Amino acid sequence: MDVTTIINSLNDAQRQAVTAPSQAMLVLAGAGSGKTRVLVHRIAWQIKVEGVSPHSILAVTFTNKAAKEMRARIEDLLSISAHNLWIGTFHGIAHRLLRRHAQQARLPETFQVMDSSDQLRVIKRLLNTLNIDEKQWPPKEVQWYINAQKDEGIRAKHCVEAGDTHERQRLIIYKAYEELCDRSGLVDFAELLLRAHELLRDNADVLEFYQKRFKQVHVDEFQDTNTIQYAWLRLLTDGNDNLFVVGDDDQSIYGWRGAKIENIYSFQQHYPNHQVIKLEQNYRSTCTILKASNKVITNNSGRMGKELWTDAGDGDLISLYAAFNEQDEAYFVVDRIRASINEGCLRSDNAILYRSNAQSRQFEEKLMATGTPYIVYGGLRFFDRAEIKNALAYLRLIANRDDDASFERVINTPTRGIGAKALDEMRNIARDQSVSLWAAAILLINQRSMSARATNALIGFLELIKSLSKEVEELSLDEKVKCIVHKSGLIALYQNEKMDKGEEKIENLEELVNAAKLFEFDKDNEEKLGEVDMFLSYAALEAGVSQSEDSEDCVQLMTLHSAKGLEFKQVFLVGLEEGLFPSQQSVDDTGRLEEERRLCYVGMTRAMQLLYLTYAESRRLYGRETYPRPSRFLREIPAELLQEVRMRATVSRPVSAVQAKSAMFQAQSQYKLGQRVHHAKFGEGVILQIEGEGAQERVEINFKQVGVKWLMLAYAKLDVL
DNA sequence: TTGTTCCAGCTTTTT
DNA sequence: GCTGGAACAA
C-alpha cells in the first residue's frame, strides 16, 4: 500500500491533522473544508501506516448516514472491508455496549429500544395511571424534561427533594417513569447514552477493557455532543490522550436539544496535550459566498475564530429578492429553478432551504403546478408510520409476550371488541401483581368476571398471537413479516379504510416486507442477538428507507437543520424575515439568536455557485396577514456582495413595475428581441423575451430544432448571428 | 364503534 | 388558517 494515496490529495493543514502522532486533537473544520475527508484519511493512515488494527479503532457520528458514508469511504480508500471497525452513531454504539453487557448495565437481556413516539405513549399511559391531569402536565413537556435531565446525566435520585409542588410533582413523574421502564425493559434514546455512560463508570473491568481495546477514538461533529456524550468519551479515553475530534463551533445548531458548544472549550482543558488544527480552505463555494458568510458569522461573540478562504474565483453576486408575499416568493424561486434546469442544471443541483417545515407548502404547490419533480426531506420517517409500528408491535409481541407497550398497541388493532374497560382491568391486575399485561390477560380470563363476549374476544387475541408464533417459527424474516401483516388483520383493516390513505399504508407494509428481505443479518454480530431482535433494533435506531427512495432527479426541499453537511450548486435561502428567521422565540435571547445566526451561516455555506436570498414583504402566518421586516442577517451582508433582483420601491404597483423593469433591462442587454442566435447544444433560434440583469439575465429563445426554452445568459454561450 | 365537531396550538430533530 | 387530537353523541 502506497502511503501517497492517503496523503497526496490533502492540503497542508489536512495532512498535518491526518499524519499527526497519536494525541488528543481538535480539528476545527470550517464548512466545506474537507472535514469528513480528514477523518477518513486519518483512520486510513492509522491502519496502514501506524499499523493500528481496525479492531482497535472507534469512530462516532451523529447520524447513520454519516456513519455509512464514512465506512464506505474508508473501504474505498483502503480497498479493505472495514467490517470490524467500530463506526456508528452515539446511540448505535451505546446500544451495542448495552447488549454486550446487559447484566452489568442492570438491564434485562431482552431490553427494547423505544423511539420518541413510543416514549411519548409510555408517558401518556404513565400519567394516566398516576391520575395526573394531562392538561396540567402536557406529555410532550414531561418527555422534554425527562430527556433533558438524562442528557445532563441526572437521574431522579440525584434531584434534590423540596422545591415547590410543581418541582416535586415533576420529580415524582420522572421517578415513576424510570421505574416503569426498568420494570418493562424499555430504553429510550437518552437512556441509551446515560446507561452506556454508567456502564463504563461503574464497572472498572468493562471500562478497562474498552480503554485498552480502543487505541484511537474519533468523533465527527463534535460541536453537537451533549454533556453525557462528552462524559462518555472522556471515560473511554481517560489517560490515553487518544481522542481525535472534528467540529466547527460556527455550525453548532443543536443547542436547543442539549448540545454544548462548550465541550469544544472544555476539551482544551481536559486534554492539556492536545493540538488544534484549523481547516480554513474551502473547496465548495465561490469567494463571494464565503465573504458574505464570514461577515455574517463575525457578529457572533466568543467564537474560536476562523475565516474561510478559497482559491476559487469571485463568482456571481448573491441575489436578493424582495417578494411581495409568500406566493410571489415561491413563483420567483420556482421560476429560477426551472430556468436553471432548462439551461442543463440537474434538478438536484437546486435546493430550497427554509427555517420551518410549514414553509415548504408554497414551494411544493408551485413545483407541482409546473410539473417539476421535487422531494421534501424530513417529516415522518418510514419506521415512525403508524402502520409500520403496528406491524412491528406484532413482531415484538410474538418474540416477547411480556412486551407491554406492544401488547397495548395491537390488542385492539384492528378492533376486535376489546375496549378500554377490559384493558383497564388488565392494567390494574398487572400493576397489583407486578406481572405483564399478557399474564394479566390470562388471569383476567380465569377470573371469569367479564361478559362472555369480552372474554371470548380476549381469548381470541391470545390465541391469535400463540398460533402466529407457531406458524412463523420456521419462516425467514421477510416471510415472518409477511405472514404477520396478513394474519393479524392489518392488511384487511387498511383495505377497508378510505381509498387513498389505506392503499398507501398497505404499500408501506409491503415495503416493510421488502425491508425485511433486504435486511442483512450478521450472524456473528457482537451483540449476540437473534435475527428478529436485530431487525427490531435496526427499526428503532435507523430512520430506514426514507419516503420511497426514488433516485429520480429532484429539486431538494428541506429545513436549514437538515441541510447541514450537504452542498448544492444553487441554494435558495427563503423567508429571511424577522420573526421567521431569526425565529420569534429567539430574538430576545442573545444565545439563541447566535444559534440562529449560525444556522444562517450553515445555510449560506451550502451554496457552491449561486446563492439566492429571498424574503416577503407580506406573509400570511397563522391565518393573519403580517408585514415582517427583512431579517437582520441580510443587513450583516456587505451591500457590494448583493444584487437586488427587484427594486423595493415598486411594491405598490407590482405589475407595472415589472413591465417597466423588463423594458429597462431590455435596453441594457446586449441582446435584442427577434435577434437570431446560435447555441452550442440547441442550435439556431430567435430571441422572444429578455428578463433580469447581470448574472440573472435570461432570455427566451425559440429554437428551430428543440422549440422554446428559457436560458440563463450567464451559462448559455450564445453567438449572435 | 364510528363519525362528527370542537378546540388548542403553531421552530428546528436525530437517535 | 389549518391540522390533529380529544370529547362527545348516536
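Residues numbered from 1 in each chain as written. Chains lettered and ligands numbered in written order. Predicted model: local features only at pLDDT ≥ 70, side-chain atom pairs only at ≥ 80, totals over all residues. Heavy atoms only, no water.

### Remarks on the pattern of salt bridges
Argument step 1. Under the definition given, this model contains 38 salt bridges.
Argument step 2. For Glu167, the salt bridge goes to Arg170, with nearest N and O atoms at 3.8 Å. Of this pair, Glu167 and Arg170 both sit in helix α8 (residues 165-184), separated by three residues, roughly a single helical turn.
Argument step 3. Between Arg427 and Glu408 there is a salt bridge, with the nearest N and O atoms lying 2.9 Å from each other. In this pair, Arg427 is assigned in helix α18 (residues 420-433) and Glu408 in helix α17 (residues 404-410), connecting sequence segments 19 residues apart.
Argument step 4. Of the residues examined, Arg427 reaches a relative accessible area of 22% and is grouped as partly exposed.
Argument step 5. Classification of Glu408 as buried rests on a relative accessible area of 15%.
Argument step 6. Look at the salt bridges and you will find they share partners, linking Arg106, Lys150, Arg155, Glu178, Asp182, Asp188, Glu191, Arg195 and Glu198 into a network. (Salt bridge = Lys/Arg side-chain N within 4 Å of Asp/Glu carboxyl O. Helix = DSSP H or I, 4+ residues; strand = E, 2+ residues; numbered from the N terminus. Buried < 20%, exposed > 50% of the residue type's maximum accessible area, 1.4 Å probe, protein only.)

### Some points on the sheet that holds strand β8 (residues 275-279)
Argument step 1. The six strands are arranged β3-β2-β6-β7-β1-β8 in an open sheet whose pairing can be described as parallel. Since the sheet does not close on itself, it has two edges, and those belong to β3 (86-89) and β8, each with one partner. When the angles between neighbouring strand axes are averaged without regard to direction, this sheet yields 15°.
Argument step 2. Where strand β1 (residues 25-29) lies against strand β7 (residues 243-247), four bridges are found, and the strand directions are parallel. Bridge pairing in β7 links Leu26 to Val245.
Argument step 3. Each of β1, β7 and β8 touches helix α2 (residues 12-19); the most contacted strand, β8, lies at about 145° to it. (Pairing = 2+ DSSP bridges. Axes fitted to C-alpha atoms, helices over the stretch in contact; angles between N-to-C directions. Contact = heavy atoms within 4.5 Å.)

### Concerning the protein's contact with DNA strand B
Argument step 1. DNA strand B sits among 23 residues. The nearest are Asn64, Arg355, Asn357, Thr559 and Arg592.
Argument step 2. The protein-proximal atoms of DNA strand B, defined as those within 4 Å of the protein, are 49% sugar or phosphate.
Argument step 3. At 2.5 Å, a side-chain N or O of Arg355 approaches a base oxygen of DNA strand B.
Argument step 4. Backbone polar atom of Leu541 to a sugar or linking oxygen of DNA strand B: 3.4 Å apart, as the coordinates give it.
Argument step 5. Classifying every residue of the surface near DNA strand B gives six nonpolar, 12 polar and five charged. (Near = heavy atom within 4 Å. Polar contact = N/O pair within 3.5 Å; in protein donor to acceptor, adjacent residues only side chain to side chain. Nonpolar A, V, L, I, M, F, W, Y, C, P; charged D, E, K, R; others polar.)

### Concerning the environment of Arg213
Argument step 1. Take Arg213: it is sitting in helix α10 (residues 204-213).
Argument step 2. By relative accessible area, which is 7% here, Arg213 ends up buried.
Argument step 3. Once the C-alpha coordinates of Arg213 and Asn525 are considered, the two residues, 312 residues apart in sequence, prove to be 17 Å apart.

### A closer look at the protein's contact with DNA strand C
Argument step 1. All residues in the neighbourhood of DNA strand C are listed as Lys124, Arg620, Tyr622 and Gly623.
Argument step 2. Within 4 Å of the protein, the contacting atoms of DNA strand C are drawn from sugar and phosphate to the extent of 50%.
Argument step 3. Measuring from a sugar or linking oxygen of DNA strand C, one finds a backbone N or O atom of Gly623 at 3.1 Å.
Argument step 4. Looking at the surface near DNA strand C residue by residue, the class counts come to one nonpolar, one polar and two charged.

### Side note on helix α13 (residues 287-297)
Argument step 1. Taking burial as the measure, the 11 residues of α13 include nine buried ones, the bulk of the element.
Argument step 2. What α13 keeps buried is the set Cys287, Thr288, Ile289, Leu290, Ala292, Ser293, Asn294, Val296 and Ile297.
Argument step 3. Buried residues along α13 sit against β9 (318-325), α26 (590-604), β14 (607-621) and α27 (632-635).

### Notes on the packing of helix α7 (residues 139-151) against α8
To characterise two packed helices, one gives the angle between the axes of the helices and the distance between these axes.
Argument step 1. Between α7 and α8, whose axes approach to 11 Å, the crossing angle comes to 75°. Here α8 runs roughly perpendicular to α7, going by the angle between their axes. Taking contact as the criterion, the partners of Val142, Tyr145, Ile146, Gln149 and Lys150 in α7 are, on α8, Arg170, Leu171, Ile173, Tyr174 and Tyr177.
Argument step 2. Residues of the contact of α7 with α8, tallied by class, amount to seven nonpolar, one polar and two charged. (Parallel < 35°, antiparallel > 145°, perpendicular 65-115°, else oblique.)

### Section: the pairing of β14
In regular strands, side chains alternate between the two faces of the sheet.
Argument step 1. Most of β14 is tucked away, with 11 of its 15 residues classed as buried.
Argument step 2. Sheet topology places β9 next to β14; six bridges connect them, and they run parallel. Pairing of Ala322 across the sheet is with Tyr615, part of β14.
Argument step 3. Here three bridges tie β14 to strand β15 (residues 624-626), and the two strands are oriented antiparallel to one another. What sits directly across from Leu621, in β15, is Arg624.

### Describing the confidence of the model for chain A
Argument step 1. Here chain A averages 86 in pLDDT, and 90% of its residues register 70 or above.
Argument step 2. Segment residues 648-668 is flagged for pLDDT under 50; beyond a separation of four residues in sequence, or across chains, it makes 18 contacts in the model. (pLDDT = per-residue confidence, 0-100.)

### Details of α7
Argument step 1. An ideal rise of 1.5 Å per residue puts 18 Å on 13 residues; α7 measures up with 18 Å between its terminal C-alpha atoms.
Argument step 2. Inspection of α7 places Pro139, Val142, Gln143, Tyr145, Ile146, Asn147, Gln149, Lys150 and Asp151 among the buried residues, and these make up the whole buried set.
Argument step 3. In the segment just after α7, Gly153 is the residue with positive phi, at about 80°. (Expected span 1.5 Å × (residues − 1).)

### Some details on the environment of Asp188
Argument step 1. Inspection of the secondary structure assignment puts Asp188 in the loop between β5 (186-187) and α9 (189-202).
Argument step 2. On a C-alpha basis, the gap between Asp188 and Asp115 in space is 6.2 Å, while along the polypeptide they are 73 residues apart.
Argument step 3. A polar contact is formed between the side chain of Asp188 and the backbone nitrogen of Ala190, at a distance of 3.1 Å.

### Topic: the nonpolar core
Argument step 1. Judged by nonpolar contacts, the single largest core of 54 residues is most densely connected at Leu392, Phe407, Met426, Leu458, Phe461 and Leu512.
Argument step 2. Each residue touching Leu458, except ones within four places of it in the same chain, is listed here: Ile411, Ile418, Met426, Ala441, Leu444, Ile445 and Met450.
Argument step 3. Leu194, Val219, Tyr230 and Ile264 belong to the second largest nonpolar core, which has 42 residues in total. (Core = buried A, V, L, I, M, F, W, Y, C linked by side-chain atoms within 4.5 Å.)

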